[in-house]
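Topology and contacts: notes
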Amino acid sequence: MINTTLPSALSTGMQGIQSGVAGMDDAARRIARGGVDGPQGTGGPAGGGMIKPMVDLQLYKRSVEASAQVVKTADETLGSLLDIMA
């Protein structure tokens, strides 16, 4: 069980980090385009203006932080198991 759980947790955490960073990149691009797509705070063609990408940026930031904590916990658990086995 341990042989599959830790790698799975590490993999899930890393995938979460990658997904969050990609989402942050997309949100940052939408914020940067704000002056091109329409005035700040106005709905623009797609609606939402600058508010939605700014909220998305914060959500993806929290997602990356949570995923990093998963990786950290899995790493600490693996270290503890290695210490016990040594």
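Residues numbered from 1 in each chain as written. Predicted model: local features only at pLDDT ≥ 70, side-chain atom pairs only at ≥ 80, totals over all residues. Heavy atoms only, no water.

1. Some words on the confidence of the model for the protein chain
For the protein chain, mean pLDDT is 85; residues scoring 70 or higher make up 80% of the total. At the low end of the mean pLDDT range in the protein chain sits helix α2 (residues 34-37), at 65; at the high end sits helix α3 (residues 51-85), at 94. (pLDDT = per-residue confidence, 0-100. Helix = DSSP H or I, 4+ residues; strand = E, 2+ residues; numbered from the N terminus.)

2. Thoughts on the pattern of salt bridges
Applying the stated rule across the entire model yields 5 salt bridges. Arg30 serves as the salt-bridge partner of Asp26, at 3.3 Å between the closest nitrogen and oxygen. Taken together, the residues span about one helical turn, with Asp26 and Arg30 both in helix α1 (residues 2-32) at a distance of 4 residues. Judged by its relative accessible area of 38%, Asp26 is partly exposed. Of the charged contacts, one joins Glu65 and Arg62 as a salt bridge, the two residues approaching to 3.1 Å between their closest N and O atoms. Of the two residues, Glu65 and Arg62 both sit in helix α3, 3 residues apart, roughly one turn of that helix. Among the ionic contacts, a cluster of salt bridges with common partners joins Asp26, Arg30, Lys52 and Asp56. (Salt bridge = Lys/Arg side-chain N within 4 Å of Asp/Glu carboxyl O. Buried < 20%, exposed > 50% of the residue type's maximum accessible area, 1.4 Å probe, protein only.)

3. A look at the environment of Gly16
Here Gly16 lies in helix α1. Taking the C-alpha atoms as reference points, Gly16 and Ser63, 47 residues apart in sequence, are found 7.0 Å from one another. Beyond its immediate sequence surroundings of up to four residues, Gly16 is in contact with Ser63 and Ser67. (Contact = heavy atoms within 4.5 Å.)

4. Structural notes on α3
Note: α-helices contain 3.6 residues per turn, so residues at a spacing of three or four share the same orientation. Here α3 contains 35 residues, and its C-alpha end-to-end distance of 51 Å stays within 8% of the 51 Å for a straight helix at 1.5 Å per residue. Of the residues making up α3, those classed as buried are Pro53, Asp56, Val64, Ser67, Val71 and Ala74. (Expected span 1.5 Å × (residues − 1).)

5. Brief notes about the environment of Ala66
With respect to the element layout, Ala66 can be found in helix α3. The partly exposed category is assigned to Ala66, whose relative accessible area is 45%.

6. Description of the side chain of Asp56
Within the fold, Asp56 resides in helix α3. Residue classification places Asp56 among the buried residues on the basis of a relative accessible area of 11%. Discounting chain neighbours no more than four positions away, the residues touching Asp56 are Ala27 and Arg30.

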